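Examining the three-dimensional arrangement
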There are 2 protein chains.
Amino acid sequence: MKNSALSRLGQRAEAPPISWLMDVALSRPQLISLAAGFTDSESLPVKDARDLLNEILKSQKSGQAALQYGSTAGDPMLRELTAQDFRLLDGVLEPDKDYAPERMVITNGSQQMLYMVTEALCDEGDIVLVEDPTYFVFLGILQSHGLRGGGIRITQDGIDLEHLRAKLEALKKSGDIKRLKMLYLVTYYQNPTGMTTSFANKAGALKMLREYERAAGHPIYLLEDAAYRELRFTGDDVKSGLAVREFADRVIYAGTYSKPFATGTRVGFGILPEPVYTAVIRIKGNHDFGSSNLLQQLIVRAITSGKYEHHLTALQLRYAKKAKTMLAALKKYFPPGVTWWEPKGGLYYWARLPEKVHSGVKSKVFQAAVARDVLYVPGELCYTDDSDRSKPNHEMRLSFGGGTEANVRSGIERLGGVLAEVMGA
Amino acid sequence: MKNSALSRLGQRAEAPPISWLMDVALSRPQLISLAAGFTDSESLPVKDARDLLNEILKSQKSGQAALQYGSTAGDPMLRELTAQDFRLLDGVLEPDKDYAPERMVITNGSQQMLYMVTEALCDEGDIVLVEDPTYFVFLGILQSHGLRGGGIRITQDGIDLEHLRAKLEALKKSGDIKRLKMLYLVTYYQNPTGMTTSFANKAGALKMLREYERAAGHPIYLLEDAAYRELRFTGDDVKSGLAVREFADRVIYAGTYSKPFATGTRVGFGILPEPVYTAVIRIKGNHDFGSSNLLQQLIVRAITSGKYEHHLTALQLRYAKKAKTMLAALKKYFPPGVTWWEPKGGLYYWARLPEKVHSGVKSKVFQAAVARDVLYVPGELCYTDDSDRSKPNHEMRLSFGGGTEANVRSGIERLGGVLAEVMGA
């Protein structure tokens, strides 16, 4: 007898690499973690949340509504407000079907959106193209569902469209294009590299995907993960893929209120075209038939009271400062030969070591870093399996989100010391 | 070109029947719904929630902790408290591995637990046995995953063990037993019939499942859905399947704080044996990497302050009263020939009409009921597809949860009028 009755998915599901890193962090309380993508505890809106929840719960009527079941798609007011905000952010001034509340679903963080979209579109063996590197928890979703990945190289501007073309051509040639369901991009201050996809790049990708739909025999979607969009601290906002109006019916937009407001609330959302929308709503019905009404009401009140906007502005300034601190420390403590891009928002720097200097979990650098009580996310964890290349193993994701400025500075100093030693500088 | 890129799951997923019923209800505001499994809005603990959230958010320290990410498995304190409560409820007085916090996961309502367990155990084509009838949203999970069901007849005491034996024998004979992964039972004040499974019945079922494991080639689990356990208003609590100590490693227990405290909080939990526990935690990592910390803190404070227990006692009295009201109305207004069992808790009566009187969505009874502004859940929606029988179509689920006592009385009066007419009484 087998000792397990687990399904293929149950057998395949792996512990996310970050949970192992978090265990390391917990076992060494003196350790500075530049690994976790946490937001800053000091910045969390404790008083705002208290005031807003008090307002909601001070009347029986609004209190009861918040403590009762809601609908599967989410609170109508929150969907209305969110749809409108994103429409205006994209420069679409009149109500428009591509940004209609009827295309919106409220989820448990944007993570649940990513999961349900994958369920709605992908059968075992299907293919999803991703940035090389990309958000590792999304790779966990793909892996557990038995999906095949494919990495598209990135530039400071978005994916390398010529590389996307080459991948699509190869898939067409092999016939595997019929299994290609979507391209997943983290378009704002990307996790892990901090890179932002330009609007022209999104438009180019969407146009190119459309060209291959005939060969695929079905629509090929762009899943745009905009989890960090609001955490902008310099430069202008970039319009979303939905604003490429010609292809808006191929864009699935995933956003969140967790990171800009409070991670503990876990309120995300999606804007989806048919027939994906209907499938996702039905899947959500089976997952949990609706996210917590109380948390949704909290976000509604935060938006309508202006507290959300006010908090966000303060948060952006705070992260700008911490990013600056990390940049200064990188310049001061990291040896020559290490490079990075400057993010315009988000939580991360992505440091590239010389190729021969490994940064993976088994590397000298990683072991020495842990011994000196500093932790980062090894770059190798952010790459999908792709037979066209071996996994790069010389990069590190460095988060300035969770720690204090002093922590960020000391963490980079310690890490710089390790690198100088290993690189023999 | 196909116009859809949907996966098999995405194509299969159906709108839950209840959402259609809710649309009917919304379009006729004067309608009395005995369909929704809502809890009573008047009973929701608005003041308690306000006081508890104020406590959490009045200090920066506890406030920040509540608004930050938590862990995937859930708040350690909530897992500890929950594990201990259920151990004591089951009469196990010393700490015990079968009730260890390390076997617990906090989920978005118990619904998410049911979903993840199904994902962890079942591949397309696998078989899950259920009560005949059972909770229809669980049937939606099975259907969307392409699973095969099988209905076991029930008595007032639990499933008919002889029928279970016959099903298992048939599966063994056909070889399909290799695809059988679990038996799903709603063991307390069952949705939809109100029936409670006796401890002896659980023990009998577990023993019988074990006998067939050799033929299956793997463990066969009991998924015990105890969502209504706390909503008891008469009689004693019944021990869970975990208390059948010999087979505790085959019991997956799903519970919730949503119904006993506030449905809008969506905090459920599971107690799972290995290797299912590890698989579910990993799946949860991909779903949402942890439920809202704020809501978990709310439940922790509710328990430790005694407010949870206090609220629950009041809730039990309230439902007892409403159940009595419904019973009196059933006796007064329903024609002879309609039968029901008396539930000892939960939210439902299950009325059985004479077999020739249909109650389905296309039936005269249902149409006439809607025309008279009263809604119920047609019994046919609660039956899995099972080629061994045709779907019964002469029952109705009647909820006394959501409405006021006056509503419950009028609803049954209207429905009684419809039945008297159709049955020619």
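Remember, predicted model here, so these are calculated numbers, not experimental data. (Residues numbered from 1 in each chain as written. Chains lettered and ligands numbered in written order. Predicted model: local features only at pLDDT ≥ 70, side-chain atom pairs only at ≥ 80, totals over all residues. Heavy atoms only, no water.)

**Brief notes about the overall build of chain A**
- Of the regular secondary structure elements, chain A holds 15 helices and 13 strands.
- Compactness check: chain A gives a C-alpha radius of gyration of 22 Å against a globular reference of 22 Å for 425 residues, within 12% of the reference.
- Each principal axis of the C-alpha atoms in chain A carries an extent, and together these give about 65 × 55 × 55 Å.
- Out of the 425 residues in chain A, the part that is buried amounts to 64%.
- Taken as a whole, chain A presents about 15200 Å² of accessible surface, with 52% of it coming from carbon and sulfur.
- Considering chain A, the positive charge centre built from 53 side chains and the negative charge centre built from 49 side chains are found 2 Å apart. (Helix = DSSP H or I, 4+ residues; strand = E, 2+ residues; numbered from the N terminus. Rg over C-alpha atoms; globule rule 2.2 N^0.38 Å. Buried < 20%, exposed > 50% of the residue type's maximum accessible area, 1.4 Å probe, protein only. Areas by Shrake-Rupley, 256 points an atom, 1.4 Å probe, with all protein chains shown as cover. Lys, Arg positive; Asp, Glu negative; His and termini not counted. Charge placed at Lys NZ, Arg CZ, Asp CG, Glu CD.)

**Quick look at the side chain of A:Asp123**
- For A:Asp123, the location among the structural elements is in the loop between α6 (109-121) and β3 (127-132).
- In this structure the side chain of A:Asp123 is engaged in a polar contact, spanning 3.0 Å, whose partner is the backbone nitrogen of B:Arg8.
- A:Asp123 has contacts with A:Leu147, A:Arg179, B:Ser7, B:Arg8 and B:Leu9, leaving out every residue within four places of it along the chain. (Polar contact = N/O pair within 3.5 Å; in protein donor to acceptor, adjacent residues only side chain to side chain. Contact = heavy atoms within 4.5 Å.)

**Focus on the pattern of salt bridges**
All names here are of chain A.
- One pass over the structure, following the stated rule, counts 64 salt bridges over all chains.
- Across the pair Arg8 and Glu124 runs a salt bridge, and its minimum N-O distance is 2.8 Å. Remark: Glu124 occurs in the loop between α6 and β3 and Arg8 occurs in helix α1 (residues 8-12); sequence separation between them is 116 residues.
- With a relative accessible area of 41%, Arg8 lands in the partly exposed category. (Salt bridge = Lys/Arg side-chain N within 4 Å of Asp/Glu carboxyl O.)

**Points about helix α4 (residues 60-67) of chain A**
- Within the span of α4(A), buried status applies to A:Ser62, A:Gly63, A:Gln64, A:Ala66 and A:Leu67.
- In this fold, the buried residues of α4(A) make contact with α3 (46-58) and α12 (293-305) of chain A together with α3 (46-58) of chain B.

**Some thoughts on the interface of chain B and chain A**
- Facing the 82 residues of chain B at the interface are 82 residues of chain A.
- Both faces considered, chain B and chain A share a buried interface measuring about 6800 Å² in area, 59% of it formed by carbon and sulfur atoms.
- Among the residues chain B hides against chain A, the three largest losses belong to B:Leu67, B:Tyr69 and B:Asn286. Together they make up 12% of the total.
- Across the contact surface, chain B and chain A share two salt bridges. (Buried area = accessible area lost by both parts, 1.4 Å probe.)

**Considering the packing of α6(A) against helix α11 (residues 276-287) of chain A**
Residue and element names in this part refer to chain A.
- The contact between α6 and α11 brings their axes to 9 Å, and the two run at 115°. The angle between α6 and α11 places the two elements in the roughly perpendicular class. Regarding α6 and α11, the two cross each other, and that crossing is right-handed. For the pair α6 and α11, the contacting residues are Gln112, Tyr115, Met116, Val117, Glu119, Ala120 and Leu121 in the first and Val276, Ala279, Val280, Ile283, Lys284 and His287 in the second.
- Here the residues of the contact of α6 with α11 are counted per class, giving nine nonpolar, two polar and two charged. (Axes fitted to C-alpha atoms, helices over the stretch in contact; angles between N-to-C directions. Parallel < 35°, antiparallel > 145°, perpendicular 65-115°, else oblique. Left-handed = near helix turned anticlockwise from the far one by under 90°. Nonpolar A, V, L, I, M, F, W, Y, C, P; charged D, E, K, R; others polar.)

**Some points on the environment of A:Leu81**
All names here are of chain A.
- Relative to the helices and strands, Leu81 resides in helix α5 (residues 76-89).
- For Leu81, a relative accessible area of 17% puts it in the buried group.
- C-alpha separation for the pair Leu81 and Thr304, spaced 223 residues apart in sequence, amounts to 8.7 Å.
- Apart from the residues within four sequence positions on either side, Leu81 is in contact with Val300, Ile303 and Thr304.

**So, the pairing of strand β10 (residues 348-352) of chain B**
All names here are of chain B.
- β10 sits mainly inside the fold: five of its five residues count as buried.
- The pairing of β10 with strand β13 (residues 395-399) spans five bridges and is classified as antiparallel. Bridged to Arg352 within β13 is Glu395. (Pairing = 2+ DSSP bridges.)

**Structural notes on the relation of the copies chain B and chain A**
- For these two chains of identical sequence, chain B goes onto chain A by a turn of 180° and a shift of 0.0 Å along the axis, with RMSD 0.0 Å. Put plainly, the chains are arranged around a two-fold axis.
- A share of 100% of interface residues in chain B that are also interface residues in chain A marks the association as one of identical surfaces. (Least-squares fit on C-alpha atoms with pLDDT ≥ 70 in both.)

**Quick word on helix α12 (residues 293-305) of chain B**
All names here are of chain B.
- Compared with an ideal rise of 1.5 Å per residue, which puts 13 residues at 18 Å, α12 spans 18 Å between its outermost C-alpha atoms and is within 8% of the ideal.
- Extensive coverage of α12 is indicated by the burial of 10 of its 13 residues.
- Three or more residues of α12 are buried, namely Asn293, Leu294, Leu295, Gln296, Gln297, Leu298, Ile299, Val300, Ala302 and Ile303.
- Here α12 starts with a cap whose side-chain oxygen sits 3.3 Å from the backbone nitrogen of Leu294, and that cap is Ser292.
- Two residues or fewer after α12 comes Gly306, characterised by a positive phi angle close to 85°. (Expected span 1.5 Å × (residues − 1).)

**Description of the sheet that holds strand β12 (residues 377-378) of chain A**
Residue and element names in this part refer to chain A.
- In space, the three strands of this open sheet follow the order β10-β13-β12, with antiparallel pairing throughout. Because the sheet does not close on itself, it has two edges, and the strands there are β10 (348-352) and β12.
- Here β12 runs beside strand β13 (residues 395-399); their pairing, made up of two bridges, is antiparallel. Paired with Pro378 across the strands is Met396, a residue of β13.

**A closer look at the sheet that holds β3(A)**
All names here are of chain A.
- The sheet built from eight strands is open, its strands ordered β2-β9-β8-β7-β6-β3-β4-β5 with mixed pairing. The open sheet has two edge strands with one neighbour each: β2 (104-108) and β5 (158-159).
- As paired strands, β3 and strand β6 (residues 180-186) are joined by four bridges and run parallel to one another. By the bridge assignment for β6, Ile127 is matched with Leu180.
- Relative to the sheet, helix α7 (residues 136-144) contacts β3, β6 and β7 (221-225), its axis offset from that of β3 by approximately 160°.
- The strands touched by α11 within the sheet are β2, β7 and β8 (251-256), with β2 carrying the most contacts at an inclination of about 35°.

**Section: unusual backbone geometry**
- Of note, the bond from A:Asp132 into A:Pro133 is cis; its omega dihedral lies within 30 degrees of zero at 10°.
- By the element assignment, A:Pro133 lies in the loop between β3 and α7.
- If you check the backbone angles, A:Tyr189 has positive phi at about 45° while not being a glycine.
- Tracing the backbone through its elements, the reader meets A:Tyr189 in the loop between β6 and α9 (199-211).
- Assessed through its relative accessible area of 3%, A:Tyr189 is described here as buried.
- Although it is not a glycine, B:Phe289 sits at a positive phi angle of roughly 35°.
- Summarising the element assignment, B:Phe289 is placed in the loop between α11 (276-287) and α12.

**Regarding the confidence of the model for chain A**
- Per-residue pLDDT for chain A has a mean of 95; in total, 99% of the residues score no lower than 70.
- Here the predicted complex carries an ipTM of 0.96, next to a pTM of 0.97. (pLDDT = per-residue confidence, 0-100.)

**A look at the packing of aromatic side chains**
- Tallying each qualifying case throughout the model produces 28 aromatic pairs over all chains.
- Ring geometry for A:Phe366 versus A:Tyr376: centroids 5.3 Å apart, planes at 80°, classification edge-to-face. Of this pair, A:Phe366 sits in helix α14 (residues 364-371) while A:Tyr376 sits in the loop between β11 (374-375) and β12, and the two are 10 residues apart along the sequence. The burial state of A:Phe366 is the same as that of A:Tyr376; both residues are buried.
- Geometrically, the ring pair formed by B:Tyr349 and B:Phe400 is edge-to-face, given 5.9 Å between the ring centres and 65° between the ring planes. Of this pair, B:Tyr349 sits in strand β10 while B:Phe400 sits in the loop between β13 and α15 (405-422), and the two are 51 residues apart along the sequence. Assigned by exposure class, B:Tyr349 and B:Phe400 land together as buried.
- Taken together through their ring pairs, the aromatic side chains of A:Phe86, A:Tyr253, A:Tyr257, A:Phe261, A:Phe269 and A:Tyr308 make up a single cluster. (Phe/Tyr/Trp six-rings, centres within 6.5 Å; stacked < 30°, edge-to-face > 60°.)

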